[in-house]
Amino acid sequence: MPQRLDNRLVIGISSRTLFDLEDSHARFEREGVEAYSAFQIEHENDILEPGVAFPLVRKLLHLNEGREDPLVEVILLSRNSADTGLRVFNSIEHYKLGITRAAFTNGESPWRYIGSFGADLFLSANGSDVDAALRAGCAAATLVPSAAEANDTDQIRIAFDGDAVLFSDEAERIFREKGLDAFRQSEKSSARQALSGGPFRNFLSALHRIQQAFPIEDSPIRTALVTARDAPAHERVIRTLREWDIRIDEAMFLGGMDKTPFLRAFGADIFFDDQRAHVERASGSVATGHVPHGIANES
């Protein structure tokens with residue numbers, strides 16, 4: 001009988017984010033699918049180097065060690081064919097990653113299987129796949145190349161921007177359309193009115209569910225809100241999380257300061273933001289995912 005994944009944190013991940021396939025992808029772009037397929041089959045016993053999401057995935061799967069009922073399920077969602085994907089599974093076996101489920105779609109977008117697997121989060125290097133996943137209601141981000149060194153602690157540290165990521169972009173729209181003063185006044189007058197949820201609200205809730213299984217002082221997961229908001233716009237955020245009954249471990253209200261040094265100090269394993277400029281700036285220090293949602297991403 002198939003196992004139910006309902007009570008697990010389910011992460012869908014592409015092969016290009018789990019492993020370093022940039023050279024192979026460049027070959028695909030340069031020479032086409034047949035040359036790419038021949039290369040992957042010829043080198044299927046050559047182990048791939050870890051990709052940008054590898055350290056995060058390894059930490060998440062480490063939560064399952066010694067547990068009869070796993071807390072996390074990581075599923076490979078790949079545009080490879082099953083034939084060319086054999087190299088990926090050989091690498092998964094080499095690194096002893098507990099990944100057993102996969103969907104290989106042979107060039108088509110794998111997003112349509114996200115709901116079937118019940119994924120809480122989808123990480124990919126393909127922006128169009130991420131767009132489709134977000135439209136389907138799943139938290140999703142495009143991981144950008146990063147030379148950042150992995151955080152060497154066992155604790156998983158995940159940082160989020162606020163507006164258009166954890167929360168809707170309703171407040172950010174006022175800021176962009178009417179300016180900072182109007183934004184601050186609106187947020188002050190709406191301080192006791194909870195913000196609507198953004199695309200990562202349910203993912204944060206799933207993380208919180210795992211956190212509740214551990215003593216707060218010994219949680220394997222630590223979360224942070226890293227936002228350009230400052231006072232008086234902070235109160236609405238705090239009251240929103242309180243109404244959602246979701247714990248956020250650290251909150252940084254930076255008033256427009258560069259987020260990067262704070263993400264380094266926090267030791268983020270990954271950071272999610274809707275604005276490309278913030279993502280590109282942070283990616284030199286931490287693994288970073290662009291969330292193409294909200295007014296900042298409208299053309």
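Residues numbered from 1 in each chain as written. Predicted model: local features only at pLDDT ≥ 70, side-chain atom pairs only at ≥ 80, totals over all residues. Heavy atoms only, no water.

Here we come to the pairing of strand S2 (residues 72-78). For S2, the buried fraction is high: seven of the seven residues fall into the buried class. Both faces of S2 are covered, namely the face carrying Val-72, Val-74, Leu-76 and Ser-78 and the face carrying Glu-73, Ile-75 and Leu-77. For strand S1 (residues 9-13) and S2, the ladder comprises five bridges, and the chain directions are parallel. The residue bridging Ile-13 from the neighbouring strand is Leu-76, located in S2. As paired strands, S2 and strand S3 (residues 101-104) are joined by four bridges and run parallel to one another. Bridged to Ser-78 within S3 is Phe-104. Crossover S2 to S3 through helix H5 (residues 86-94) is right-handed. (Buried < 20%, exposed > 50% of the residue type's maximum accessible area, 1.4 Å probe, protein only. Helix = DSSP H or I, 4+ residues; strand = E, 2+ residues; numbered from the N terminus. Pairing = 2+ DSSP bridges. Right-handed = clockwise from strand over helix to strand, strands pointing away.)

Along the chain, Ala-231 connects to Pro-232 via a cis peptide bond; the corresponding omega equals 10°. Assignment of secondary structure puts Pro-232 in the loop between strand S7 (221-227) and helix H11 (234-244). With a phi close to 55°, Lys-96 is a non-glycine residue in the positive phi region. Positionally, Lys-96 belongs in the loop between H5 and S3. Look at Asn-106: it is not a glycine, yet its phi comes out positive at around 50°. Looking at where Asn-106 falls in the secondary structure, it is placed in the loop between S3 and helix H6 (114-117).

Our focus in this paragraph is the nonpolar core. Ranked by size, the top nonpolar core spans 66 residues in total, and within it Leu-9, Leu-18, Leu-123, Phe-160, Phe-200, Phe-203 and Phe-272 carry the most contacts. Grouped together as the second largest cluster of nonpolar side chains are eleven residues, Ala-224, Met-252, Ala-282 and Val-286 included. (Core = buried A, V, L, I, M, F, W, Y, C linked by side-chain atoms within 4.5 Å.)

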